[in-house]
Amino acid sequence: MHSVTPFPAELPVPPAPLRLGELLVAEGLVTHADVAKALTFQQQFGGRIGSILVRLGAVSEESLLPVLGRQLDMPLLDSADWPAEPEMFMAALSATGMPPEWWVDHGVVAWKTGDGRLLAVARDPLSPLLNEVLERELGEQGWGWCLARAQDVDRLVEQLSRRRGDQDVDNDDVSHLRELAEEAPVIELVNNMLAQAMDQRASDVHVEPEEQQFNVRLRIDGILHTRMTLPASRYPAVASRIKLISGMDIAERRLPQDGRLSARVSGREVDIRVSAVPAVHGESLVMRLLPKERQDLSLERLGLSPRDLRMFRGWAREPHGIVLVTGPTGSGKSTTLYAVLEEMNQRDRKMITVEDPVEYQVGGVTQIQANAEIGYTFARALRAILRQDPDVIMIGEIRDLETAEIAVQSALTGHLVLSTLHTNDAVSAFTRLVDMGVEPFLVASSVRAVQAQRLVRRLCPACSAVDNPPLASVEQSIAPWVEDKSAANWRRAVGCSACQGTGYRGRLGIYELVDVTPAMQELVMQQATTERMREQADSEGARTLRVDGLLKARQGLTTVEEVARVTGGMPADA
C-alpha cells in the first residue's frame with residue numbers, strides 16, 4: 001500500500017494584482033467616487049478605465065501614465081526617447097512587411113532601437129485586435145509595447161499620414177466639426193489639457209494656432225510655458241470642442257466670442273471663462289481657470305509685511321469710505337478683496353458684492369452677478385443693493401463714471417466700499433477717478449486709502465541657492481525700511497523637478513499702501529500732479545512697489561531679477 005503525501009492545509013495564494021482604479025486611489029490621484037463614476041460610464045459605453053477617468057476630468061494623463069506603466073510593466077517614453085526623423089519610422093514599418101496603411105489606420109507607430117528591438121506605441125496598447133495582429137505578424141521578430149502620451153502618439157501618426165500623402169478632410173462643414181468635437185479622443189485631449197493645467201497650478205490655458213501646428217501654453221505663476229505642440233490638422237476639432245462646451249457658436253469664426261462653463265477638473269470644481277479671437281491661422285482661444293474653492297484666502301497668506309497688514313486691517317475696520325486696490329490685470333486684486341471679505345465676515349454686518357463674474361463663493365456674503373447683456377449693469381445692481389441695507393459693498397471693478405459716482409455716494413452715506421481700479425501705482429487712482437469725471441472734492445472726501453499691488457514669483461524652497469549681494473545702491477535704497485536687522489538672505493533661482501526647472505513655485509504680492517491723510521486730501525482737491533502726490537506719500541512713510549519687492553528679496557522669498565521683471569527701472573546687473 002503506497003503512502004499518500006498529505007495535501008497541505010493551505011496553499012499560498014498570490015495576491016491579486018491591484019486594478020488601475022485602486023492604484024490611483026492609493027496614490028491619492030482620484031477618489032473612490034471618481035472610480036465608481038468611471039465604472040458606471042464603462043458599463044454603459046465601454047472603454048478603458050484610465051481613458052474614462054481622463055475624459056471625466058478626474059485625473060490628467062500626466063498623472064495617470066506613470067501609474068499605468070507600473071501596473072502594466074511598460075516603459076513610459078517621452079518624445080525625446082524616439083527617433084526625430086520620420087524616415088526611421090517609415091523604414092521600420094516597411095521592414096515588418098505589413099502595409100503602412102494598417103499602421104496609420106489603427107494609430108500605431110513602431111521603430112527600431114539601436115540593438116535592433118522593435119518598439120511600438122498606440123493610444124490603446126491593450127487592444128486585443130492590435131495585439132492579435134502584431135503577434136501573428138511580428139511574433140518571430142520580437143516586439144514590445146511602450147506607453148506614451150496620446151498627443152505624442154497622435155503627432156507621430158500625423159507625420160506618417162502626411163508621408164503617405166493623405167488629404168485633410170473639409171474642416172469648414174459645421175456638422176462635421178460638431179461630429180469631431182464629440183469624438184472620444186478629442187474630448188479626452190481637451191479634458192486632459194484642462195487637468196494638466198490644474199495639476200500645474202495654471203491660471204490660464206492658451207490655444208494658439210500656427211500654419212503647420214498649434215501650441216497649448218499654460219500661464220503658471222504669471223509666465224507662459226509651452227506644454228503641447230500638435231498638428232494643425234487637429235486644431236479645428238479641438239477648437240470646436242472648446243467652443244461647444246463653453247456655449248459658443250462653432251460656426252462663427254470671424255468675430256470674437258466669449259463663453260463660460262463649470263466643470264470638475266482633476267478632482268476640483270472650477271469655473272472656466274473662454275475667449276475666442278480670430279487670428280491669421282485660426283481662432284486664438286484662452287481659457288481662464290477659476291477654482292470655486294480657495295483654501296488660501298486669508299490676508300496672512302498674501303505676503304503683506306507686518307506693517308502693511310496692520311494698516312490694511314485698520315482700513316477694513318473703517319465704518320465708511322472707499323478702499324481701492326489697484327494694479328493691472330492678473331495682479332491679484334480680486335484675491336486681495338476676497339481675503340478682506342473672509343476676514344471681515346463675522347456675520348455681524350451685511351456684506352454684498354457686485355461682480356462680473358463671481359470668481360469665488362464666500363459663505364455669509366450676498367454675491368450678485370452683473371450681466372450687461374440684459375441691462376443688469378454694475379450701476380443698476382448698485383442702486384438696487386443700496387435698498388438692501390448693506391454695511392459693506394464690494395464692487396468688482398470701477399469701470400465708468402456712473403459706477404464711480406454711486407460708489408462715492410455710497411461711501412458718503414455711511415457704507416464701506418471695497419473696489420478695484422486699473423492704475424500703475426497707488427496715487428494714480430486719484431487722477432484716474434477725476435479723469436472719469438468725479439469731482440476732485442468728492443474723491444478727496446470719499447476715498448479712505450489706496451493699495452497698489454503686483455505679483456512676483458516665490459523662490460522654490462527645494463532648490464534656491466545663496467546669491468551674492470546686489471549692487472550697493474540697491475541695498476541703500478531699502479535701508480530706511482529694513483525692520484529686521486538680521487543678516488540679509490539674498491538668494492537665486494536654480495531649478496529642479498519640484499518647480500519644473502523654473503526655480504520658482506507659487507507667487508506672493510508686493511504692495512504699496514497710501515493712506516489718505518488731510519495733506520493728501522488737499523493735494524487731491526487741488527488736482528496736484530501725480531509726482532507731487534507721490535512725494536507727499538513718500539514723506540508720510542509709504543514705500544513703493546519696488547522697495548517692498550526688494551525687501552522680500554532680501555528675506556530670500558524672491559529674487560532681485562524677479563522684482564526687476566515686475567517693477568522695471570533697475571540696472572540689469574543689480
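Nothing here was measured: the structure is a model prediction, and the numbers come from that model.

Student: When you look at the packing of helix α14 (residues 378–385) against helix α15 (residues 401–412) in this model, what are you seeing that I'm missing?
Tutor: Two elements in contact, α14 and α15, have axes whose closest approach is 8 Å; the angle formed by their N-to-C orientations is 20°. Considering the angle they form, α14 stands roughly parallel to α15. For the element pair α14 and α15, the recorded crossing hand is left-handed. Of α15, the residues touching α14 (which contributes Phe378, Ala379, Leu382 and Arg383) are Glu402, Thr403 and Ile406. Broken down by class, the residue content of the contact of α14 with α15 amounts to four nonpolar, one polar and two charged.

Student: What is the right way to look at helix α19 (residues 518–525) in this model?
Tutor: When α19 is considered as a whole, its buried residues turn out to be Met520, Leu523 and Val524. Each buried residue of α19 sits inside an arc of 100° when the element is viewed along its axis, so together they form one side. Where α19 ends, the next residue or the one after it, glutamine 527, has phi of about 55°, a positive value.

Student: Whenever I open this one, unusual backbone geometry confuses me. Can you help?
Tutor: Comment: phi is negative for the bulk of residues other than glycine, and the bulk of peptide bonds are trans. The phi angle at arginine 201 is positive, at roughly 60°, despite the residue not being glycine. Relative to the helices and strands, arginine 201 is located in the loop between α10 (184–199) and β4 (202–209). Non-glycine residue glutamine 500 carries a positive phi angle of around 55°. Locating glutamine 500 in the fold gives a position in the loop between β17 (491–492) and β18 (504–515).

Student: Please explain the sheet that holds strand β15 (residues 447–459) as it appears in this structure.
Tutor: Strands belonging to one sheet form pairs held by backbone hydrogen bonds; the direction of such a pair is parallel or antiparallel. Strands sit in the order β12-β11-β13-β14-β10-β15-β18 across an open sheet of seven strands; the sheet is mixed. On the outer flanks of this sheet lie β12 (366–369) and β18, each paired with one strand and no other. Each adjacent strand pair in this sheet contributes to an overall mean axis angle of 20°, direction not counted. As judged from the five bridges shared by strand β10 (residues 321–326) and β15, these two strands associate in the parallel manner. Bridging from a neighbouring strand, valine 323 pairs with alanine 449 of β15. Running at roughly 60° to β18, helix α12 (residues 306–316) makes contact with β10, β14 (416–421), β15 and β18 of the sheet.

Student: Teacher, can you tell me more about the UniProt feature "domain: Bacterial type II secretion system protein E" (unreviewed entry) in the protein here?
Tutor: Per the UniProt record, "domain: Bacterial type II secretion system protein E" (unreviewed entry) is found at residues 386–400. Summarising residues 386–400: 0% helix, 27% strand, and an end-to-end C-alpha distance of 18 Å.

Each value, and the rule that gives it
Residues numbered from 1 in each chain as written. Predicted model: local features only at pLDDT ≥ 70, side-chain atom pairs only at ≥ 80, totals over all residues. Heavy atoms only, no water. Axes fitted to C-alpha atoms, helices over the stretch in contact; angles between N-to-C directions. Helix = DSSP H or I, 4+ residues; strand = E, 2+ residues; numbered from the N terminus. Parallel < 35°, antiparallel > 145°, perpendicular 65-115°, else oblique. Left-handed = near helix turned anticlockwise from the far one by under 90°. Contact = heavy atoms within 4.5 Å. Nonpolar A, V, L, I, M, F, W, Y, C, P; charged D, E, K, R; others polar. Buried < 20%, exposed > 50% of the residue type's maximum accessible area, 1.4 Å probe, protein only. Arc of directions from axis to C-beta. Pairing = 2+ DSSP bridges. UniProt positions renumbered as here; feature names shortened; annotations may be inferred.

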